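Here's the letter readout for the chains.
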Amino acid sequence: MRIAVQEATFDLGEESQRFAADVATSGANAGAIVTFTGVVRGSDSGDMVAMEIEHYPGMTERAIGQITEEALRRWSLADALVIHRHGRLVPGEQIMMVATAARHRSDAFEAAEYLMDYLKSRAPFWKKELTQDGSGNWVEAKDSDEDALTRWD
Amino acid sequence: MDILYFAWVRERIGLPKEKIETTAGTVRELVGELSARDPRYAAAFADLSALRVALDQDLSDFDASLEGVREVAFFPPMTGG
């Protein structure tokens, strides 16, 4: 598994290809690779100019590591990758990606969903929407995000 | 003990990190001590249901013991992904 918490952007194609190549050479005989990319969405009112993503260095890597290890335990995964950015991002930019590889697609899809659900509510990231006038609003956690975790109990 | 604040908790208190001496036995007692210090802390800790706490970088709860803990972090519910 590989976990990266970084300010820099990443090349989705390169990361996907490298992940697939690593899986292919691992001898895991994986037949399915699922990738998910999160992109910064503009606000509905259209006045958001950027998203500031704060994180807790140290705990972030640790929390993502625990979540990913749990996914590897629950599903028959050949490998998993999580990249999550922090800092100032503008709408349209890639914020994160998840990749999972498994022998069959259902494991790969489910594990990717699990990783996304847990990253949303259990990895220490906080988003602030910055508007044109220089003010900012912290994005509030939604009850639905917390509810999403119950399906994995 | 190192105390860390993130997101609006950091903004409300006005600093990201501080070192304190405390005799608090639990997180809740520590919150009580901090809240008594200054209105900024009292404002940040006014509604504990809107806060999360991590002890030595593991999510915990407000009734947890602080024995042996070196780092306490307070922050709002996470919004990653």
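Since the model is a prediction, treat every value here as computed from it, not as a measurement. Every chain begins its residue count from 1, and numbering advances along the sequence as written. Labels are handed out in written order, letters beginning with A for the chains and numbers beginning with 1 for the ligands. In keeping with the predicted nature of the model, local features appear solely for residues at pLDDT of at least 70, side-chain atom pairs appear and are counted solely at 80 or more, and the whole-chain, interface and lining totals rest on all residues. Calculated side-chain values reflect all of the structure's heavy atoms, with hydrogen atoms and water omitted.

Some words on unusual backbone geometry
Residues and elements named next belong to chain B.
For step 1, the next point in the chain: Within the chain, Ala7 stands out as a residue other than glycine whose phi angle is a positive 55°.
For step 2, the next point in the chain: When you line up the elements, Ala7 lands in helix α1 (residues 7-13).
For step 3, the next point in the chain: The phi torsion at Gln57 lies on the positive side, around 70°, for a residue other than glycine.
For step 4, the next point in the chain: Only runs of H or I of at least four residues qualify as helices and only runs of E of at least two qualify as strands under DSSP, and these elements are numbered from the N terminus. Relative to the helices and strands, Gln57 resides in the loop between β3 (52-55) and β4 (58-59).

Considering the packing of helix α2 (residues 59-74) of chain A against helix α3 (residues 105-122) of chain A
Residues and elements named next belong to chain A.
For step 1, the next point in the chain: Note on method: axes are straight lines fitted to C-alpha atoms, helices fitted across the in-contact stretch only, with angles between N-to-C directions ranging 0 to 180 degrees. The interhelical angle for the contact between α2 and α3, taken along N-to-C directions, is 155°, at an axis separation of 10 Å. The angle between α2 and α3 places the two elements in the roughly antiparallel class. The chirality of how α2 crosses α3 is right-handed. Of the residues in α3, those touching α2 at Ala63, Ile64, Ile67, Thr68, Glu70, Ala71 and Arg74 are Tyr114, Leu115, Tyr118, Leu119 and Arg122. When describing relative orientation, an angle under 35 degrees is termed roughly parallel and one over 145 degrees roughly antiparallel, while 65 to 115 degrees is termed roughly perpendicular and anything else oblique. We call a crossing left-handed when the near helix sits turned anticlockwise from the far one by less than a right angle, and right-handed when that turn is clockwise. For this analysis, residues touch if any pair of their heavy atoms sits within 4.5 Å.

Comments concerning α2 of chain A
For step 1, the next point in the chain: Multiply 1.5 Å by the residue count of a helix minus one, and that product is the helix's expected span. Under the 1.5 Å per step criterion, the end-to-end length of α2 of chain A is 22 Å for 16 residues, consistent within 8% with the ideal 22 Å.
For step 2, the next point in the chain: Buried residues of α2 of chain A: Met59, Thr60, Ala63, Ile64, Gly65, Ile67, Thr68 and Ala71 of chain A, and no others. Buried means the residue's accessible area, taken with a 1.4 Å probe over protein chains only, is under 20% of the maximum for its type, while exposed means over 50%, and partly exposed covers the values in between.

Regarding the environment of Asp63 of chain B
All names here are of chain B.
For step 1, the next point in the chain: Of note, Asp63 is situated in the loop between β4 and β5 (71-75).
For step 2, the next point in the chain: The exposed category is assigned to Asp63, whose relative accessible area is 52%.
For step 3, the next point in the chain: A sequence separation of 37 residues divides Asp63 from Thr26, and the C-alpha atoms of the two residues are 5.8 Å apart.
For step 4, the next point in the chain: Contacts of Asp63, omitting those with residues within four sequence positions, involve Thr26 and Arg28.

Re helix α2 (residues 27-37) of chain B
Residues and elements named next belong to chain B.
For step 1, the next point in the chain: For α2, the set of buried residues is Val27, Leu30, Val31 and Leu34. Burial along α2 is one-sided: seen end-on, the buried residues are contained in an arc of 100°.
For step 2, the next point in the chain: In this structure, the buried residues of α2 make contact with β1 (2-5), α3 (39-44), β3 and β5. This arc corresponds to the set of directions leading from the helix axis out to the C-beta atoms.

Points about the interface of chain A and chain B
For step 1, the next point in the chain: Counting residues at the interface gives 26 residues for chain A and 21 residues for chain B.
For step 2, the next point in the chain: With both chains or domains summed, chain A and chain B bury close to 1,900 Å², and 55% of this area falls on carbon and sulfur atoms.
For step 3, the next point in the chain: One speaks of a salt bridge when a side-chain nitrogen belonging to Lys or Arg is within 4 Å of a carboxyl oxygen belonging to Asp or Glu. Along the contact surface separating chain A from chain B lie three salt bridges.
For step 4, the next point in the chain: Note that Glu11 of chain B is salt-bridged to Lys128 of chain A, the shortest N-O span being 2.4 Å.
For step 5, the next point in the chain: The definition of a polar contact used here is a pair of N or O atoms within 3.5 Å, where within protein one atom must be able to donate a hydrogen and the other to accept one, and adjacent residues in sequence count solely through side-chain atom pairs. For the pair chain A and chain B, the number of links is 15 residue pairs in polar contact (both at pLDDT 80 or more).
For step 6, the next point in the chain: Of all the secondary structure elements, the ones that give two or more residues to the side of chain A that touches chain B are β3 (48-55), α2, β6 (94-102), α3 and β7 (125-131) of chain A.
For step 7, the next point in the chain: When residues are sorted by character, Ala, Val, Leu, Ile, Met, Phe, Trp, Tyr, Cys and Pro go into the nonpolar class, Asp, Glu, Lys and Arg into the charged class, and all the rest, Gly among them, into the polar class. Partitioned by chemical class, the residues of the side of chain A that touches chain B number 14 nonpolar, five polar and seven charged. The term buried area means the drop in 1.4 Å probe accessible area that two parts suffer when joined, counted for both and summed.

With respect to the sheet that holds strand β5 (residues 87-89) of chain A
Residues and elements named next belong to chain A.
For step 1, the next point in the chain: Taken in spatial order, the four strands of this open sheet run β5-β3-β7-β8, and their pairing is antiparallel. Of all the strands in the sheet, the pair left with one neighbour each is β5 and β8 (136-138). Here the strands of the sheet are splayed against their neighbours by 25° on average, with no regard to which way each runs.
For step 2, the next point in the chain: Here β3 runs beside β5; their pairing, made up of three bridges, is antiparallel. Its bridge partner being in β5, Glu52 is matched across the sheet by Arg88. Any two strands with at least two DSSP bridges between them are considered paired.

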